[in-house]
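Architecture at a glance
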Amino acid sequence: MKLRIALAAVLSLIAAAACAGPAAARDHGRVVALLTIPFRPAAATGTAEVVKVAVSSGQRFSVKVDTSDGPFYWNQTGSRPDPRVVRLAGNFDEGSCAAGMTGCRVPYFHTLLARSRGTTTMSWKYHDLRCQAVRKRMTQATRACPSVTVVTFDITVR
């Protein structure tokens with residue numbers, strides 16, 4: 001009985017340490033934008049939406065990205081941000097899904113660290129596979145499909 005209690009105590013300490021992780025991994029910094037599913041941009045003008053971000057050198061900041069197992073998803077597109085200005089600190093899930101669960105969405109924080117003064121950009125593209133099929137068949141997009149599908153972040157490190 002004492003061995004079971006001791007073993008349970010040790011296992012719970014290991015589990016707590018594994019869940020806690022290093023403090024830096026939990027530090028998402030300031031969340032500068034939310035990339036949502038479904039994506040409904042404020043001004044659907046047919047051009048890329050621009051988010052201006054100003055941070056200080058050494059500061060962590062994040063974009064919170066919704067995920068989906070389809071038919072919607074986000075991905076970073078084009079060239080990556082200048083690694084001399086910012087670097088990726090990591091992608092950190094906000095939660096988890098049960099194994100084999102369909103339709104579960106777990107947002108994550110795309111966390112960056114501002115390294116040195118300068119400017120850079122990064123772009124994310126929204127994919128709605130249903131809209132892509134509609135656009136192939138029609139010359140005009142429907143109201144249900146957003147005309148803005150790329151969000152560009154203009155990042156300034158001071």
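Just so it is clear, the model here is predicted, and its values are computed rather than measured.

Quick notes on the pairing of strand 6 (residues 108-114)
Counting buried residues in strand 6 gives seven out of seven residues, a clear majority hidden from the surface. Here strand 6 shows no split at all, with Tyr108, His110, Leu112 and Ala114 on one side and Phe109, Thr111 and Leu113 on the other all buried. Two strands pair when backbone bridges link them, and strand 3 (residues 60-65) and strand 6 are joined in this way by six bridges, in the antiparallel orientation. Looking at strand 6, one finds that Phe61 is bridged to Leu112. The sheet contact formed by strand 5 (residues 86-93) and strand 6 spans seven bridges and is antiparallel. Looking across to strand 6, one finds that Arg87 is bridged to Leu113.

Overview of unusual backbone geometry
Cis peptide bonds are those with omega within 30 degrees of zero, and the linkage from Ile37 to Pro38 qualifies with -5°. Mapped onto the fold, Pro38 is located in the loop between strand 1 (30-35) and strand 2 (49-55).

Digging into the confidence of the model for the protein
Of the residues in the protein, 70% have a pLDDT of 70 or more, and the chain-wide mean is 78. Confidence drops under a pLDDT of 50 for residues 1-23, and excluding neighbours within four residues, the segment shows two contacts in the predicted structure.

Looking at the nonpolar core
Among the nonpolar cores identified, the biggest contains 26 residues, and Leu35, Val53, Phe61, Trp74, Trp124, Phe153 and Ile155 are the most heavily contacted of them. Of all the secondary structure elements, the ones that give two or more residues to this core are strand 1, strand 2, strand 3, strand 4 (72-77), strand 6, strand 7 (118-128) and strand 8 (150-157). No other element matches strand 8, which puts four residues into this core. In this structure, Phe153 is in contact with Ala33, Leu35, Val51, Val53, Val63, Thr120, Thr121, Met122 and Trp124, ignoring residues within four places of it in sequence.

Some points on the side chain of Gln76
Relative to the helices and strands, Gln76 resides in strand 4. Each residue touching Gln76, except ones within four places of it in the same chain, is listed here: Pro81, His110, Met122, Ser123 and Trp124.

Some details on the environment of Met101
By the secondary structure assignment, Met101 is in the loop between strand 5 and strand 6. For Met101, a relative accessible area of 49% gives the class partly exposed. Taking the C-alpha atoms as reference points, Met101 and Asp69, separated by 32 residues in sequence, lie 9.8 Å from one another.

Digging into the side chain of Thr111
Tracing the chain through its elements places Thr111 in strand 6. According to the relative accessible area criterion, Thr111 is buried, its value standing at 0%. Side chain to side chain, Thr111 and Ser62 meet in a polar contact 2.9 Å long. Setting aside its immediate chain neighbours within four residues, Thr111 contacts Asp27, His28, Arg60, Phe61, Ser62, Arg87, Leu88, Ala89, Gly90, Asn91 and Phe92.

Looking at the sheet that holds strand 8
Judged by pairing direction, the sheet is mixed, and its four strands sit side by side in the order 2-8-7-4 without closing on themselves. The strands lining the two open edges of the sheet, one partner per strand, are strand 2 and strand 4. The sheet shows a mean angle of 20° between the axes of neighbouring strands, direction not considered. In terms of strand pairing, strand 4 meets strand 7 through six bridges, oriented antiparallel. When the bridges of strand 7 are listed, Asn75 appears paired with Lys125.

Quick notes on the rules
- Residues numbered from 1 in each chain as written.
- Predicted model: local features only at pLDDT ≥ 70, side-chain atom pairs only at ≥ 80, totals over all residues.
- Heavy atoms only, no water.
- Buried < 20%, exposed > 50% of the residue type's maximum accessible area, 1.4 Å probe, protein only.
- Helix = DSSP H or I, 4+ residues; strand = E, 2+ residues; numbered from the N terminus.
- Pairing = 2+ DSSP bridges.
- pLDDT = per-residue confidence, 0-100.
- Contact = heavy atoms within 4.5 Å.
- Core = buried A, V, L, I, M, F, W, Y, C linked by side-chain atoms within 4.5 Å.
- Polar contact = N/O pair within 3.5 Å; in protein donor to acceptor, adjacent residues only side chain to side chain.
- Axes fitted to C-alpha atoms, helices over the stretch in contact; angles between N-to-C directions.

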